[in-house]
Amino acid sequence: MNTTVRNQALRLIQKEQPVCLSILMPTHRAGREIQQDRIRFKNLLRQAEEKLNGAGVRKREIKALIAPLKERIDDHHFWRHQLDGLAVYRTSELMEWIQTLWTLPELCVTGQHFHVKPLLRAGTPERDFLVLSVTAAGIRLFHGSQEAIDDITPEGLAEIFAGPEGDRRTAGLQAHSAGNEMRLHGPGSPADLEEANLENRFRRADQELSATVTAAGFPVILAGVEQVQAVYRSTTSFPELLADTGITGNVEGLPPQEIWNAAWPIAEARFRESEQAAITDFHDRAGRGLTSTDLATILTAATEGRVERLFVATGRQVWGSFDPEKRQGKVHQVASPGDEDLLNTAALFSLSHGAQLHALNADLMPEGCLAAAAFRY
């Protein structure tokens with residue numbers, strides 16, 4: 001999930017050691033490509049040894065860093081259980097393996113910081129969303145991202161819709177749900193009693209959901225027949241999080257993938273609006289001299305905590321070095337031993353001071369640059 005990868009990336013940002021090794025690569029879930037993944041990883045380890053040696057790291061230290069990683073080369077079970085990307089982070093004190101649901105570039109980076117920029121597409125909270133599937137028979141909660149969706153329904157919700165009263169009064173409602181319509185009058189149950197019962201259950205469910213939904217702060221997409229959605233909207237305690245557009249129809253029992261198929265276009269449209277608003281804000285600040293697309297200027301401002309919003313291009317690197325104390329940096333056309341991706345460095349310093357991050361495709365970047373920043377002052 002995005003949240004898990006984001007938390008891992010933010011934790012790794014805090015790590016600084018004389019030698020930080022980052023290995024990133026695309027992986028495959030099945031097929032003959034799995035064998036190629038093992039070969040690719042072996043080659044990347046060879047690159048790591050060469051780069052560490054070129055950076056002046058002693059041979060026994062290199063061996064201690066690389067040896068545990070080499071053990072995975074012939075671990076067939078490990079390679080048969082991959083997703084779409086693999087990131088490995090290693091210091092003398094830490095070894096972390098992170099799988100992603102999106103393809104990662106093939107990179108081997110050594111330096112004083114980890115190379116986490118390819119994970120930062122997961123670090124933009126605007127790319128997460130929640131889906132609440134609401135029916136008269138129960139509620140399900142899903143956490144979605146651009147790549148996947150997971151059922152995170154709290155266990156306590158089932159109890160709210162269980163019991164003799166729930167069985168008797170909600171069964172009639174659900175039996176009359178079809179397509180985009182729901183009749184709130186079951187056999188032998190007055191409509192107002194059925195609706196009052198549903199409102200009561202939704203209020204109790206809202207209390208159970210509140211801690212998760214409000215803490216996440218993600219937009220919430222409702223899924224269900226129109227009249228059930230209307231009842232829920234009238235009772236919820238977090239209306240400001242609800243998207244204006246929902247998934248309309250009978251959603252009870254739909255598998256998560258079908259929920260995602262319907263939800264992602266709605267979420268994506270909302271994210272596009274958010275990104276466009278951020279870019280518009282960038283242009284507004286440009287008129288007041290509060291922006292820059294110069295990487296050296298951005299790096300200096302990031303170390304000073306002046307960056308409020310940072311845009312970085314995904315899938316691109318700018319190799320070089322930067323001394324935060326002297327506020328001096330160098331850009332190299334070809335990566336040299338000890339070089340870091342300065343886009344990654346800018347993101348690290350900015351995030352450590354609470355900046356908002358927008359990791360965008362290069363063609364969506366403001367001014368067509370690789371880095372852009374809006375300053376606090």
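What comes next is a walk through the structure. (Residues numbered from 1 in each chain as written. Predicted model: local features only at pLDDT ≥ 70, side-chain atom pairs only at ≥ 80, totals over all residues. Heavy atoms only, no water.)

If you walk across this open sheet you meet the 4 strands as β3-β2-β1-β4, and the pairing is antiparallel. At either margin of the open sheet sits one strand with a lone partner, and together these are β3 (95-100) and β4 (107-111). Along the sheet, successive strands turn relative to each other by an average axial angle of 10 degrees, direction set aside. Here strand β1 (residues 20-26) runs beside strand β2 (residues 85-90); their pairing, made up of 6 bridges, is antiparallel. Opposite methionine 25, over in β2, you have leucine 86 as the bridge partner. (Pairing = 2+ DSSP bridges. Helix = DSSP H or I, 4+ residues; strand = E, 2+ residues; numbered from the N terminus. Axes fitted to C-alpha atoms, helices over the stretch in contact; angles between N-to-C directions.)

Right, let's get into the nonpolar core. Counting 41 residues, the largest nonpolar core has Tyr89, Val116, Leu295, Val307 and Leu310 as its most contacted members. Among the elements that take part in this core, helix α11 (residues 342-352) stands out by supplying 7 residues, more than any other. Not counting residues within four places of it along the chain, the set of residues in contact with valine 307 comprises Ile298, Ala301, Ala302, Ser350, Ala355, Ala373, Ala374, Phe375 and Arg376. Membership of the second largest hydrophobic core comes to 24 residues, among which are Leu132, Leu209, Val231 and Leu241. (Core = buried A, V, L, I, M, F, W, Y, C linked by side-chain atoms within 4.5 Å. Buried < 20%, exposed > 50% of the residue type's maximum accessible area, 1.4 Å probe, protein only. Contact = heavy atoms within 4.5 Å.)

A word on the packing of helix α10 (residues 295-303) against α11. Their axes nearest at 8 Å, the elements α10 and α11 cross at an angle of 25 degrees. Compared by their axis directions, α10 and α11 come out roughly parallel. Considering the relative orientation of α10 and α11, their crossing is left-handed. Contacts between α10 and α11 involve Leu295, Ile298, Leu299, Ala302 and Thr303 on the former and, on the latter, Leu342, Leu343, Thr345, Ala346, Phe349 and Ser350. For the contact of α10 with α11, a count of residues per class yields 8 nonpolar, 3 polar and no charged. (Parallel < 35°, antiparallel > 145°, perpendicular 65-115°, else oblique. Left-handed = near helix turned anticlockwise from the far one by under 90°. Nonpolar A, V, L, I, M, F, W, Y, C, P; charged D, E, K, R; others polar.)

So, about the packing of helix α2 (residues 33-54) against helix α3 (residues 59-70). Geometrically, a packed helix pair is captured by the angle between its two axes and the distance between the axes. Put simply, α2 and α3 touch, their axes get as near as 11 Å, and they point 175 degrees apart. In terms of orientation, α2 and α3 fall into the roughly antiparallel class. Mapping the contact onto sequence places Phe41, Leu45, Ala48, Glu49, Leu52 and Asn53 in α2 and Ile62, Leu65, Ile66, Leu69 and Lys70 in α3. The residue makeup of the contact of α2 with α3, split by class, is 8 nonpolar, 1 polar and 2 charged.

A word on the pattern of salt bridges. Summed over the entire model, instances satisfying the criterion amount to 14 salt bridges. Here glutamate 49 ties to lysine 70 by a salt bridge, and the two come within 3.2 Å at their closest N and O atoms. Pair noted here: glutamate 49 is in helix α2 and lysine 70 is in helix α3, with a separation of 21 residues, a long-range link. Judged by relative accessible area, glutamate 49 falls into the partly exposed class, the value being 27%. (Salt bridge = Lys/Arg side-chain N within 4 Å of Asp/Glu carboxyl O.)

Turning our eyes to something else, we now look at the sheet that holds strand β10 (residues 220-224). What the 5 strands build is an open sheet, ordered β7-β6-β5-β10-β11; its pairing is mixed. Each of the sheet's edge strands pairs with one partner strand only, and the pair in question is β7 (149-151) and β11 (247-248). Across 7 bridges, the pairing between strand β5 (residues 129-135) and strand β6 (residues 138-144) is antiparallel. Paired with phenylalanine 129 across the bridge in β6 is glycine 144. This element, helix α8 (residues 226-235), spans β5, β6, β10 and β11 of the sheet and lies at about 140 degrees to β10. Across the sheet, helix α9 (residues 256-286) lies against β5, β6, β7, β10 and β11, angled at about 130 degrees from β5, the strand it touches most.

Counting through the fold element by element, methionine 25 comes out in strand β1. Residue methionine 25 is classed as buried on the basis of its relative accessible area of 0%. Residues methionine 25 and arginine 40, spaced 15 residues apart in sequence, show a C-alpha to C-alpha distance of 7.9 Å. Residues in contact with methionine 25, not counting those within four places in the same chain, are Asp37, Arg40, Phe41, Leu44, Trp79, Gly85, Leu86, Leu104, Pro105 and Glu106.

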